[in-house]
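Listed below, chain by chain, are the residues.
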Amino acid sequence: MITSDDVLAFWLDEVGPKGWYAKDDALDETIRTRFGDALQGLMGGRFGLWLTYPSGALAYIILADQFPRNMFREDPRAFASDEVARAAAKQAIHRGWDLKIDAPARQFFYMPLMHAENLCDQDRCVRLFKERMPESDNNLLHARVHREVIRNFGRFPYRNAALSRRTTEPEQGFLDNGGYAEILRDLQADVAA
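What this report covers is the structure whose coordinates are included nearby. (Residues numbered from 1 in each chain as written. Predicted model: local features only at pLDDT ≥ 70, side-chain atom pairs only at ≥ 80, totals over all residues. Heavy atoms only, no water.)

## Focus: the overall build of the protein chain
1) Next: Scanning the protein chain from N- to C-terminus turns up nine helices and zero strands.
2) Next: Listing every helix and strand of the protein chain by position from the N terminus yields α-α-α-α-α-α-α-α-α.
3) Next: Within the protein chain, the fraction of its 193 residues that count as buried is 48%.
4) Next: Contacts in the protein chain between residues far apart in sequence, at least 24 positions, make up 61% of those at least 6 positions apart.
5) Next: Across the protein chain, the 25 positively charged side chains and the 29 negatively charged ones have centroids separated by 4 Å. (Helix = DSSP H or I, 4+ residues; strand = E, 2+ residues; numbered from the N terminus. Buried < 20%, exposed > 50% of the residue type's maximum accessible area, 1.4 Å probe, protein only. Contact = heavy atoms within 4.5 Å. Lys, Arg positive; Asp, Glu negative; His and termini not counted. Charge placed at Lys NZ, Arg CZ, Asp CG, Glu CD.)

Structure representation (structure tokens):
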């Protein structure tokens, strides 16, 4: 049976910061193979005890929020556990458990908020990165980009195909004109100015 320590050792030590946001088919397959059953178990109600201590909550959130994005790229299952991850993250943050975990691992408490198609969660994510990880300019910048997309559209247009949602004309214009990368460039220019 997978333990919270197994999740953390894999994600924080084996994969590490260089692999966290890289698209890597081999890594995706490794996560599917090693943690696919664990994700299914989590969605079936297992691993609730992990939510009773800080490092366990972190492992739960990584399993529910990060791993599906690797396991199921361009597939609706990538987002199927988002609500579970967000609820766990909010509970852990409320308890101050995020502050018991050192950076850079602490960021994974905030990622479910960054992934939310909800402006209140996006605002909270930006605030948390600014207040609780001020040394992490790159995470704060990406949190602001995510928030800007939600401000403009109320959802992430680049998820539309995977979620079988109709893309609106403004969303298509956004996607055709650089999408996320364009907002990132604009915000980077604002910071540099």
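## Side note on unusual backbone geometry
1) Next: Cis peptide bonds are those with omega within 30 degrees of zero, and the linkage from A103 to P104 qualifies with 5 degrees.
2) Next: In this structure, F47 takes a positive phi of about 75 degrees despite not being glycine.
3) Next: By secondary structure assignment, the location of F47 is in the loop between helix 2 (25-43) and helix 3 (54-71).
4) Next: Assessed through its relative accessible area of 9%, F47 is described here as buried.
5) Next: Even without being glycine, E74 reaches a positive phi, approximately 60 degrees.
6) Next: As for its position among the elements, E74 is in the loop between helix 3 and helix 4 (82-94).

## Considering the pattern of salt bridges
1) Next: Scanning the entire structure with this criterion turns up 15 salt bridges.
2) Next: Here R73 ties to D28 by a salt bridge, and the two come within 2.5 Å at their closest N and O atoms. Of this pair, R73 sits in the loop between helix 3 and helix 4 while D28 sits in helix 2, placing them 45 residues apart in sequence.
3) Next: A salt bridge links R147 to D123, with the nearest nitrogen and oxygen atoms 3.6 Å apart. Of this pair, R147 sits in helix 7 (residues 137-153) while D123 sits in helix 6 (residues 119-132); the two residues are 24 residues apart in sequence, bridging distant segments of the chain.
4) Next: For R147, a relative accessible area of 16% translates into the label buried.
5) Next: You can call D123 partly exposed: its relative accessible area is 27%.
6) Next: In this structure, a network of salt bridges that share partners links the residues D65, R69 and D82. (Salt bridge = Lys/Arg side-chain N within 4 Å of Asp/Glu carboxyl O.)

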